[in-house]
Amino acid sequence: LSAALDGFARGARGIVESDNIRGELIYAGGDDVLAFVPLHRALDCAVQLRDRFVDSLAPFGDPTRPPTLSVGIGICHFIQPMTHSLEVAREAERLAKRARDSLAVIVDKRSGAPVAVSGPWGTLDRQLRQLVQWHLDDEVPDKLAHDLEALARLKRGAAGHDAALLAKIVTAESNQLLAQKRRKR
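Residues numbered from 1 in each chain as written. Predicted model: local features only at pLDDT ≥ 70, side-chain atom pairs only at ≥ 80, totals over all residues. Heavy atoms only, no water.

Our focus in this paragraph is the overall build of the chain. Summing up its helical and strand segments, the chain has six helices and five strands in all. In the chain, the succession of helices and strands from N to C terminus is α-β-β-α-β-α-β-β-α-α-α. Judged by the C-alpha coordinates and their principal axes, the chain covers about 55 × 40 × 30 Å. Going through the 185 residues of the chain one by one, you find that 30% of them count as buried. Considering only residue pairs separated by 6 or more positions, the chain has 50% of its internal contacts joining residues 24 or more positions apart. Accessible surface, the chain: about 11,700 Å² in total, of which carbon and sulfur atoms supply 55%. Distance between charge centroids for the chain: 4 Å, based on 26 positive and 24 negative side chains. (Helix = DSSP H or I, 4+ residues; strand = E, 2+ residues; numbered from the N terminus. Buried < 20%, exposed > 50% of the residue type's maximum accessible area, 1.4 Å probe, protein only. Contact = heavy atoms within 4.5 Å. Areas by Shrake-Rupley, 256 points an atom, 1.4 Å probe, with all protein chains shown as cover. Lys, Arg positive; Asp, Glu negative; His and termini not counted. Charge placed at Lys NZ, Arg CZ, Asp CG, Glu CD.)

So, about the layout of surface pockets. For the largest pocket, the calculated volume is near 1,700 Å³. Together, 37 residues line the largest pocket, and V107, L128, L131, V132 and A145 are the ones closest to its centre. Listed by contribution, the elements that provide at least two residues to the lining of the largest pocket are α2 (42–57), β3 (71–76), β4 (102–108), β5 (115–120), α4 (124–136) and α5 (144–156). For the lining of the largest pocket, the leading source of residues is α4, giving nine residues. In terms of residue class, the lining of the largest pocket is built from 25 nonpolar, five polar and seven charged. Estimates place the volume of the second largest pocket at around 1,000 Å³. Around the second largest pocket, the lining comprises 34 residues; the ones closest to its centre are L34, A35, G72, G74 and A89. Among the elements of the structure, β2 (32–36), α2, β3 and α3 (82–96) are those that each provide at least two residues to the lining of the second largest pocket. Here the residues of the lining of the second largest pocket sort into 22 nonpolar, seven polar and five charged. (1 Å grid on protein atoms, 1.4 Å probe; cavity = no way out; pocket = protein on both sides within 12 Å on 5 of 7 lines; lining within 4 Å. Points joined across faces, edges and corners; volume = space filled by probe spheres on them. Nonpolar A, V, L, I, M, F, W, Y, C, P; charged D, E, K, R; others polar.)

A word on the confidence of the model for the chain. The share of residues in the chain with pLDDT of 70 or more is 97%, and the mean pLDDT across the chain is 89. Mean pLDDT across the secondary structure elements of the chain bottoms out at α5, with 82, and peaks at β3, with 97. (pLDDT = per-residue confidence, 0-100.)

Attention shifts here to the packing of α5 against helix α6 (residues 160–179). In contact at an axis separation of 10 Å, α5 and α6 are set at 175° when each is read in the N-to-C sense. Judged by the inter-axis angle, α5 sits roughly antiparallel to α6. Here L144, D147, L148, L151, L154 and K155 of α5 lie close against α6, whose contacting residues are L166, A167, V170, E173, S174, L177 and L178. Grouping the amino acids of the contact of α5 with α6 by side-chain chemistry returns nine nonpolar, one polar and three charged. (Axes fitted to C-alpha atoms, helices over the stretch in contact; angles between N-to-C directions. Parallel < 35°, antiparallel > 145°, perpendicular 65-115°, else oblique.)

Membership of the largest hydrophobic core comes to 22 residues, with the highest contact counts inside it found for C45, L49, V71, I73, L103 and W121. If you tally residues by element for this core, the top one is α2, at eight residues. (Core = buried A, V, L, I, M, F, W, Y, C linked by side-chain atoms within 4.5 Å.)

To summarise the sheet geometry, strands pair through backbone hydrogen bonds and adopt either a parallel or an antiparallel arrangement. In space, the three strands of this open sheet follow the order β3-β4-β5, with mixed pairing throughout. With partners counted over all chains shown, the strands left at the sheet margins are β3 and β5, one partner each. With direction set aside, neighbouring strand axes in the sheet form an average angle of 10°. Direction of pairing for β3 relative to β4: parallel, over a ladder of six bridges. Pairing of I73 across the sheet is with V105, part of β4. On top of the sheet, α3 reaches β3, β4 and β5; it is set at about 150° to β3, its chief contact. (Pairing = 2+ DSSP bridges.)

See below:
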């Protein structure tokens, strides 16, 4: 098991610093990897690391419950102090580890509250890829994420009958947001 974990850690550099990722590996040991990766390649890097981990440790898992890797991605503005960026990355890792085999992403812009999302591999990563593709294809409004977050905050405070009514309103408003033609790329 130790040799398999060491093999995964040694192989992490090849993934992170490959021509298609072009990141910089900071640390790899056991099942921990810390790297700087260009934003538009972060999800691909995380998927490749997860796949390598699962393959490396497959002989040690139960076939019905194979080894898994939870991954946290922290996204910060480049001007933020390194200590802040590392804390965001660690928080994303903690969020990912709340559930087995999960991905978590925290976006911490210089203004406003951080935005976090987490979910299981195979679901969240596919949803993120779809949203990225819709954005690249100019299929969704540029401010969609901000508008949907505002609706989610509104919905969180309601209880009872108000919650059910508000959920219907939020769904209708979300559909309206998706239909708007405020796309600018």
